[in-house]
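Structural overview
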Amino acid sequence: MHSSYRDRYSGFPRLNNGYNAIFKAEQLSIGLVAPIENYSMNTAPTLLNHIERVQLAERLGFGAIWLRDVPFNVPSFGDAGQIFDPFVYLGLLAGKTTKIALGVASIILPLRHPAHTAKAAASVDQLCGGRLILGIASGDRPEEYPAMNISYSERGQRFRESYQYIRHLAESHPQFQNAFGAVCGDLDMLPKPTEAHLPLLITGSSQQSPDWLANNGDGWITFPQPAAIQEHFISHLRNNASESKPVMEPLYIDITHDPDALPQPIHLGYRLGINQLYEYLKSREEIGVNHIALNLRFNKANIEKTLRKISDIILPHFHGKD
């Protein structure tokens, strides 16, 4: 890790319990993307034993479970995610788990009114004891926008205004106005988040300028890129930000029987041996990634055995450090 980065890297803000647990300066934690199953040959998962697998992940020490926001099953996209509406599913998971962070990567802000997003998210955050981490995005599936009579080309502006609306609603009796409506201080939204505001992680660029990205949100979600490119992206954001913020990266994996099998590219990830997965994760930690969410959609081996293998071999190297 470069010395200039270390000099600036004084630690992250303290937000809610979930954020504080998985985001620690100069450390990497490991989570999972739901559904925790192989559905590589299908657009939609079976969701068999989906709650039991989340509970197993919690017992094994994974730091977070991440849901996705896929309003419509778009054939060209080819992935329906966990199928359930993320906020409905988060409510169920809040009652079925006790300590694992509950994340969304990511809510498509332009497709929802921010009042509904803010109330649903704050409700989940209260119900789960402050474990919610909300990734937010402008969306990358153009087919969804005409279905809701929303302009795809204006999603960047809608994203920005939705973000500001959600931030304001965390205040008591806020007063503000934008394209989504006017709130004049004579009403309030309850519940509030467990802390001053919800942790909001911005996904990719979300159609925003580099300066806006650097100085808004509580962290960033970025897709896997070659190490040099990823390190430059992270350094650029942090060098232009007013405070240190964490970086999360999702990663598709297929763990092979050979523990030393070299990485072979798959969609947004790698087919590789468990020892090579450790090397990859360690290299990401060294360039400033703070959390990686593993996606097992393409994993051919038994899912429960894979979770236990990762827990036994990988997690001790990254979790539980001071």
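Computed from a predicted structure; not experimentally measured.

Counting 69 residues, the largest nonpolar core has Ile-36, Ile-65, Ile-253, Leu-277 and Leu-281 as its most contacted members. Sequence-distant contacts of Ile-253, defined by excluding residues within four places in its chain, comprise Ile-266, Tyr-270, Leu-272, Leu-277, Leu-294, Asn-295, Leu-296, Phe-298, Asn-299 and Ile-310. With 14 residues, the next largest nonpolar core counts Tyr-19, Val-33, Ile-221 and Ala-293 among its residues.

A separate point is empty space enclosed by the protein. Going through the model one piece at a time under the given rule, you end up with one cavity of 30 Å³ or more. For the largest cavity, the calculated volume is near 90 Å³. In terms of lining residues, the largest cavity is bounded by 13 residues, among which Ala-118, Ile-166, Leu-169, Ala-170 and Pro-193 are the most central. Those elements that provide at least two residues to the lining of the largest cavity are helix H5 (114–127) and helix H7 (155–169). For the lining of the largest cavity, the class distribution of residues is nine nonpolar, one polar and three charged.

As a further point, take the packing of helix H4 (residues 86–96) against H5. Remark: H4 packs on H5, axes separated minimally by 9 Å, with the N-to-C direction vectors making an angle of 10°. Taken together, the axes of H4 and H5 are roughly parallel relative to one another. In contact with Phe-87, Leu-90, Gly-91 and Ala-94 of H4, H5 contributes Thr-117, Ala-120, Ala-121, Val-124 and Leu-127. Among the residues making up the contact of H4 with H5, the classes are represented as seven nonpolar, two polar and no charged.

Here the focus is unusual backbone geometry. In this chain, Ala-34 is followed by Pro-35 through a cis amide linkage whose omega measures 0°. With an omega of 0°, the peptide bond between Leu-190 and Pro-191 qualifies as cis. In this structure, Pro-191 sits in the loop between strand E6 (181–184) and strand E7 (200–203). Even without being a glycine, Glu-26 presents a positive backbone phi close to 60°.

A separate point is the pattern of salt bridges. Applying the stated criterion across every chain yields a total of 13 salt bridges. Here Asp-140 and Arg-141 are joined by a salt bridge, their closest N and O atoms 3.5 Å apart. When its relative accessible area of 6% is taken as the criterion, Arg-141 is described as buried. Asp-254 is the partner of Lys-300 in a salt bridge, and the nearest nitrogen-oxygen pair spans 2.9 Å. Taken together, the residues span a long stretch of sequence, with Lys-300 in the loop between strand E12 (291–295) and helix H11 (303–313) and Asp-254 in strand E9 (residues 247–255) at a distance of 46 residues. Linked by salt bridges that have partners in common, Arg-68, Asp-79 and Arg-297 make up one network.

The next point concerns the environment of Ile-30. Relative to the elements of secondary structure, Ile-30 occurs in strand E1 (residues 29–33). Sequence separation between Ile-30 and Phe-233 is 203 residues; the distance between their C-alpha atoms is 21 Å.

On to helix H10 (residues 274–286). Residue pairs spaced three or four apart in an α-helix point in one direction, given the helix's 3.6 residues per turn. For H10, spanning 13 residues, the distance from its first C-alpha to its last is 19 Å, which sits close to the expected 18 Å at 1.5 Å a residue. Taken together, the buried positions of H10 are Ile-274, Gln-276, Leu-277, Tyr-280, Leu-281, Arg-284 and Glu-285. Positive phi shows up at Gly-288, right after H10, with a value of about 105°.

What counts, and at which threshold
- Residues numbered from 1 in each chain as written.
- Predicted model: local features only at pLDDT ≥ 70, side-chain atom pairs only at ≥ 80, totals over all residues.
- Heavy atoms only, no water.
- Core = buried A, V, L, I, M, F, W, Y, C linked by side-chain atoms within 4.5 Å.
- Buried < 20%, exposed > 50% of the residue type's maximum accessible area, 1.4 Å probe, protein only.
- Contact = heavy atoms within 4.5 Å.
- 1 Å grid on protein atoms, 1.4 Å probe; cavity = no way out; pocket = protein on both sides within 12 Å on 5 of 7 lines; lining within 4 Å.
- Points joined across faces, edges and corners; volume = space filled by probe spheres on them.
- Helix = DSSP H or I, 4+ residues; strand = E, 2+ residues; numbered from the N terminus.
- Nonpolar A, V, L, I, M, F, W, Y, C, P; charged D, E, K, R; others polar.
- Axes fitted to C-alpha atoms, helices over the stretch in contact; angles between N-to-C directions.
- Parallel < 35°, antiparallel > 145°, perpendicular 65-115°, else oblique.
- Salt bridge = Lys/Arg side-chain N within 4 Å of Asp/Glu carboxyl O.
- Expected span 1.5 Å × (residues − 1).

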